[in-house]
Amino acid sequence: MTETLTIRRPDDWHVHLRDGEVLKGVLPYTARQFARAIVMPNLSPPMTDVAGVSAYRDRILAAVPEGVDFTPLMTLYLTDATDPDEVERGFTAGVFVAAKLYPAHATTGSAHGVTAIANIMAVLERMEKIGMPLLIHGEVTDSHVDIFDREAVFIERTLIPLVKALPGLKVVFEHITTEEAAQFVAEASDRIGATITPQHLHINRNAMLVGGIRPHAYCLPVAKREKHRLALRKAATSGSAKFFLGTDTAPHAKHLKEAACGCAGIFNAPYALESYVAVFDEEGALDKFEGFASLNGPAFYGMPVNEGTVTLERMGTSVPETVDANGTMIVPFHAGESLGWRFAS
Ligand SMILES: NC(=O)N[C@@H](CC(=O)O)C(=O)O
Ligand SMILES: [Zn+2]
Ligand SMILES: [Zn+2]
């Protein structure tokens, strides 16, 4: 049995760091395990221009603990009014590396999102031209579509026409949750990649709904049936370079999740690598973990892999019931459970 696993330093290709005091509380967890992270722009108000993203990046850098080497990779929030010139300006200047498409009202912080792809066609054409990746929260928001079907319907209605119309556009299908999404990405061209979260590899919808309602297992896209979880585990551990690590760590205060209308999002940053490696171990695919965590993402984004390594040890890790993020109490993923691996250094 493998007792320790040493891999090149990994990156997290999908994180929510929030802002202000919470940013200072949650950032150290991500920076401790990952060299770089793609930072989502769904703040309130959203990060819709070069100046705003640049100032946010400075606040993140100021919150990186002394002696820790961490690089935030910033993203721009697309709206119906996004100007293609602003997008190109920020990308060329290196302020942001990608733009994020939130269908309006699909998820947390998406109220200013895009109401129809047609409204951002000029932006997408520009991104295709300059080689800038588009990151997508892939769910339709049509009230007639059942919430468990929203990702699969998005593929048919939006994603397939989009990649056909813009054959050179790089697209990351973020936090995929279905067999349909895994299959779509596996069969698509190499310009299409996907991130997979730890929670969608560990839980199905029963975790949210059996024996009482469990708000800390609720995120968007919502966890689906068991067959989808199994398809995601297969995709993540397949060795395909199209799938890479993106935790979607999404901190919300405990009291805002344990509420009549609880927020969507799971805070998985504190034990992210321990959570993922457990899955690869269970699937007999520890040899595929470095590709997923440390190589496939940089290759997709056209960035060098990180120098240095991290080591995981086969040793129990107890996950606390809550984490104090600079004064805000947050319930982490796997709260109260024990994981079979430990992040050593
Ligand atoms: N995943 C979530 O459930 N929530 C995210 C938004 C998102 O990634 O869709 C958040 O910002 O809280
Ligand atoms: Zn999302
Ligand atoms: Zn997210």
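Just so we're clear, the structure is a prediction, and the values are computed from it rather than from any experiment.

1. A closer look at empty space enclosed by the protein
If a probe as big as a water molecule is rolled over the atoms, it shows which places are left empty.
(1) Moving on: A complete count under the given rule lists two cavities of 30 Å³ or more for this structure.
(2) Moving on: Computed from the structure, the largest cavity encloses a volume of approximately 120 Å³.
(3) Moving on: Lining the largest cavity are 17 residues; nearest its centre among them are His16, Thr107, Thr108, Leu220 and Asp248.
(4) Moving on: Of the residues in the lining of the largest cavity, the class split is five nonpolar, nine polar and three charged.
(5) Moving on: The space that makes up the second largest cavity amounts to roughly 40 Å³.
(6) Moving on: Lining the second largest cavity are Thr177, His200, Ile203, Asn204, Ala223, Lys224, Arg225, His228, Arg229 and Leu232.

2. Structural notes on the sheet that holds strand E1 (residues 4-8)
The strands making up a sheet are joined through hydrogen bonds of the backbone, oriented either antiparallel or parallel.
(1) Moving on: The three strands lie next to each other as E1-E10-E13, forming an open sheet whose pairing is antiparallel. A strand with exactly one partner marks an edge of an open sheet, and here the two such strands are E1 and strand E13 (338-343). Ignoring strand direction, the axes of neighbouring strands in this sheet form an average angle of 35°.
(2) Moving on: Pairing geometry for strand E10 (residues 309-318) and E13, over five bridges, is antiparallel. Residue pairing for E13: Arg314 is matched across the bridge by Trp341.
(3) Moving on: Docked against the sheet, helix H11 (residues 272-282) engages E1, E10 and E13, running at close to 110° with respect to E13.
(4) Moving on: Against the sheet, helix H12 (residues 289-301) makes contact with E1 and E10, and its axis sits at roughly 25° relative to E1, the strand it touches most.

What counts, and where the lines are drawn
- Residues numbered from 1 in each chain as written.
- Chains lettered and ligands numbered in written order.
- Predicted model: local features only at pLDDT ≥ 70, side-chain atom pairs only at ≥ 80, totals over all residues.
- Heavy atoms only, no water.
- 1 Å grid on protein atoms, 1.4 Å probe; cavity = no way out; pocket = protein on both sides within 12 Å on 5 of 7 lines; lining within 4 Å.
- Points joined across faces, edges and corners; volume = space filled by probe spheres on them.
- Nonpolar A, V, L, I, M, F, W, Y, C, P; charged D, E, K, R; others polar.
- Pairing = 2+ DSSP bridges.
- Helix = DSSP H or I, 4+ residues; strand = E, 2+ residues; numbered from the N terminus.
- Axes fitted to C-alpha atoms, helices over the stretch in contact; angles between N-to-C directions.
- Contact = heavy atoms within 4.5 Å.

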